[in-house]
Amino acid sequence: MNRDHAVVIGGSMTGLLAARVLLDHFDRVSLVERDRFPAGAAFRPGIPQSRHLHVLWTRGLEIMEDLFPGVEKTLLAAGAVELRAPADALWLTPAGWRGRFDLRRLLTFSRPLLDWALRTRLTAEGACALDVLEGNEVTGLAPRGPDVAGVRLRSGETMTADLVVDATGRSSRAPAWLATLGYPAPPETLVDPLLGYASRFYAIPDGFDPGWKALYLQAAPPATRRTGGLFPQEGGRWICSLSGAGRDYGPTNEEAFLAFAKGLRDPVLYEAIRDAEPLSPITGFRRTANHRRHYERLPAWPRGFVVMGDAACAFNPIYGQGMSVAAISALALDRCLREDPADLERRFQRRVARSAAGAWLVATGEDLRYPETEAARTGLSTRLINAYVDRVVAAANVDQRVCAKLLDVLALSSAPASLFSPGVLARVAAKRLRSA
Ligand SMILES: Cc1cc2nc3c(=O)[nH]c(=O)nc-3n(C[C@H](O)[C@H](O)[C@H](O)COP(=O)(O)OP(=O)(O)OC[C@H]3O[C@@H](n4cnc5c(N)ncnc54)[C@H](O)[C@@H]3O)c2cc1C
């Protein structure tokens, strides 16, 4: 493969991280984004989910700091809030309140702030080699025989490229684009918990200091389907995101929103927002199914094209994994480009699949607890694993070491299989014996 020019389609989290990696490997990188980017940390229509709570787990932040050294400082200087996790949060798990162990550092901020921080760094670092085409759209792939030679733009031009990266999110048209080159559609897996978000920003009341900085009240399926999160953000604001599975969608009407908050498993979140000053309307979002396109299983694949991020695998966002998986996939892209160039695209699709595997197991395993979840039903193994995970969660509430292991898995620092290590098994069994 020549390394003259790479094109990234989509300028959201996956696209920004991919472009950063590609700048180390190609003479020129073009980033094509349908929206025009806002001047600062502001909402744009192409990322409608940015009006909802976005938690960036440790692994994601670590990778972003590696790719853009100093980005944490930029976020903190712009007002991001530092939390100790779970010490600074009241966290109601399905098995009760989590012990307030001091295990991890977490930064919380709005999603537009993170995009702005990465985008400004990318454009500064890529000053000579990066070309940002805003307000333009890729409408298809330009073929060279069975391979990809570039992209077609809505503006009418064709842009040639040695590598094209699809980072267009859930609405990716890659299956249709590949079909025009004669490739079959990838097998897909859908696990839809029929979950909907509703979110609103509030001003944190002056002098508010109840001994916690964030609230996370989880559902306890199958009995309860509602989850609520209240997290601090830059600008002295809280973001409050309420969600419900099994079509018990978070409501966007004022009265119903408060009633939904009151119906969570504990009134603490409702009591915090009841008299707080709202700073925004309430916004809903329902496109939350776990959706995986198995490009790695296709028998043939074009040279010059890869798919990553939500375009390849999107998760029910309630577990906060999408941005971190995008970051892990960006690292995988870097590794593939440093290795033997033969068969790069197929190797990368296999790595994308592997990067998403742990997060997929966590998200779909949890979602299959809801009887309404639409999926090809899995059998005994999911039920057995979930029964064991219930015990891990209960043990993690009182045992700091089990809690640390569980957080490692949730934060994508360890594989879910690590919860089956002899150390964790022994502590979970000990907790069970004590309870008995
Ligand atoms: C409600 C909600 C809450 C979430 N919460 C979290 C969380 O707490 N933690 C977390 O890690 N993740 C969370 N996520 C997931 C996270 O938002 C995504 O995983 C993340 O944005 C990565 O997505 P992406 O960049 O692959 O695609 P997207 O963010 O969907 O971006 C796709 C981009 O491509 C552009 N585009 C599309 N088509 C074209 C085209 N043809 N030409 C040019 N440009 C195009 C779009 O305008 C957009 O900018 C949440 C998601 C939702 C829906």
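Quantities reported herein were computed from a predicted structural model and do not represent experimental measurements.

Student: Would you explain the domain arrangement of the chain in this entry?
Tutor: Much of the literature gives interface size as the accessible area that the parts lose upon coming together. Its domain assignment divides the chain into domain 1 (5-75 + 111-188 + 290-364), domain 2 (80-109 + 191-285) and domain 3 (380-435). Just the C-alpha atoms count here: the centres of domain 1 and domain 2 sit 29 Å apart. Taken residue by residue, the interface counts 22 residues in domain 1 and 24 residues in domain 2. Interface area for domain 1 against domain 2, summed over the two sides, is near 2200 Å², with a carbon-plus-sulfur share of 64%. It is H52, L53 and I318 in domain 1 that bury the most area against domain 2; as a group they hold 31% of the surface buried on that side. The interface formed by domain 1 and domain 2 includes one salt bridge. In this structure, R105 engages E72 in a salt bridge whose closest nitrogen and oxygen atoms are separated by 2.7 Å. Joining domain 1 to domain 2, the criterion identifies eight residue pairs in polar contact (both at pLDDT 80 or more). Of all the elements, helix α4 (residues 111-125) adds the most residues to the side of domain 1 that touches domain 2, at three residues. Looking at side-chain class alone, the side of domain 1 that touches domain 2 contains twelve nonpolar, seven polar and three charged residues.

Student: Honestly, the site of the ligand in this entry has me stumped. Any pointers?
Tutor: Looking at the ligand, there are 33 residues lining it, with S12, T14, E33, V55 and R111 nearest. Contacts to the ligand include R111, whose side-chain N or O atom sits 2.8 Å from an oxygen atom. Here M323 contributes a backbone N or O atom positioned 2.8 Å from an oxygen atom of the ligand. When isolated, the ligand has an accessible area of 1000 Å², and the protein chains bury 95% of it.

Student: Looking at this model, I keep getting lost on the sheet that holds strand β18 (residues 290-293). Mind explaining?
Tutor: Strand pairing in a sheet is mediated by backbone hydrogen bonds. Such pairs are either parallel or antiparallel. Strand order in the open sheet made by the three strands is β12-β18-β20, with antiparallel pairing throughout. Looking along the sheet, the strands with just one partner apiece sit at the ends: β12 (188-191) and β20 (313-314). Relative to β20, β18 runs antiparallel, the two being bridged by two bridges. Each residue of the ladder has a partner; that of H291, found in β20, is A314. Its contacts with the sheet put helix α9 (residues 344-367) on β12, β18 and β20, and the angle it makes with β18 is roughly 150°.

Student: What's the story with the pattern of salt bridges in this structure? I'm lost.
Tutor: Once the charged atoms of two side chains with opposite charge are near each other, the side chains can pair. The final tally for this structure, using the stated rule, is 29 salt bridges. Residue R111 pairs with D115 through a salt bridge whose shortest N-O separation is 2.5 Å. On the criterion of helical spacing, the pair formed by R111 and D115 is a turn pair, its members being four residues apart in helix α4. Looking at D115, the relative accessible area reads 3%, which means it is buried. The closest approach of N and O atoms between R293 and E188, which form a salt bridge, is 3.7 Å. Placement of the pair is R293 in strand β18 and E188 in strand β12, with a sequence separation of 105 residues. Taken together, the shared-partner salt bridges connect R20, D24, R121 and E125 into one network.

Student: Looking at this structure, I do not really get the environment of G96. What am I missing?
Tutor: Relative to the helices and strands, G96 is located in strand β5 (residues 96-97). Leaving out residues up to four positions away in the same chain, G96 has contacts with W91, R265 and N397.

Student: So what exactly am I meant to see when it comes to a nonpolar patch on the surface here?
Tutor: Taken together, the side chains of I385, F420 and L425 make up a nonpolar region of the molecular surface, amounting to roughly 250 Å² of accessible area. Among the secondary structure elements, I385 is positioned in helix α10 (residues 380-398). Look at I385 and you get partly exposed, because its relative accessible area is 41%.

Student: Could you clarify how one ought to interpret the packing of helix α1 (residues 13-23) against helix α8 (residues 322-338) in this entry?
Tutor: Each pair of packed helices can be summarised by the angle the axes make with each other and by the distance between the axes. Packing of α1 against α8 brings their axes to within 9 Å, and their N-to-C directions diverge by 25°. For the element pair α1 / α8, the angle class is roughly parallel. At the point where α1 passes α8, the crossing takes the right-handed sense. Facing M13, T14, L17, A18, V21 and L22 of α1, the residues of α8 in contact are M323, A326, A327, A330, L333, D334 and L337.

Reading guide: rules and limits
- Residues numbered from 1 in each chain as written.
- Predicted model: local features only at pLDDT ≥ 70, side-chain atom pairs only at ≥ 80, totals over all residues.
- Heavy atoms only, no water.
- Domains from an automatic or database assignment.
- Contact = heavy atoms within 4.5 Å.
- Buried area = accessible area lost by both parts, 1.4 Å probe.
- Salt bridge = Lys/Arg side-chain N within 4 Å of Asp/Glu carboxyl O.
- Polar contact = N/O pair within 3.5 Å; in protein donor to acceptor, adjacent residues only side chain to side chain.
- Helix = DSSP H or I, 4+ residues; strand = E, 2+ residues; numbered from the N terminus.
- Nonpolar A, V, L, I, M, F, W, Y, C, P; charged D, E, K, R; others polar.
- Near = heavy atom within 4 Å.
- Areas by Shrake-Rupley, 256 points an atom, 1.4 Å probe, with all protein chains shown as cover.
- Pairing = 2+ DSSP bridges.
- Axes fitted to C-alpha atoms, helices over the stretch in contact; angles between N-to-C directions.
- Buried < 20%, exposed > 50% of the residue type's maximum accessible area, 1.4 Å probe, protein only.
- Patch = residues over 30% accessible without salt bridge, like charges linked within 9 Å, V, L, I, M, F, W, Y side chains within 5 Å.
- Parallel < 35°, antiparallel > 145°, perpendicular 65-115°, else oblique.
- Left-handed = near helix turned anticlockwise from the far one by under 90°.

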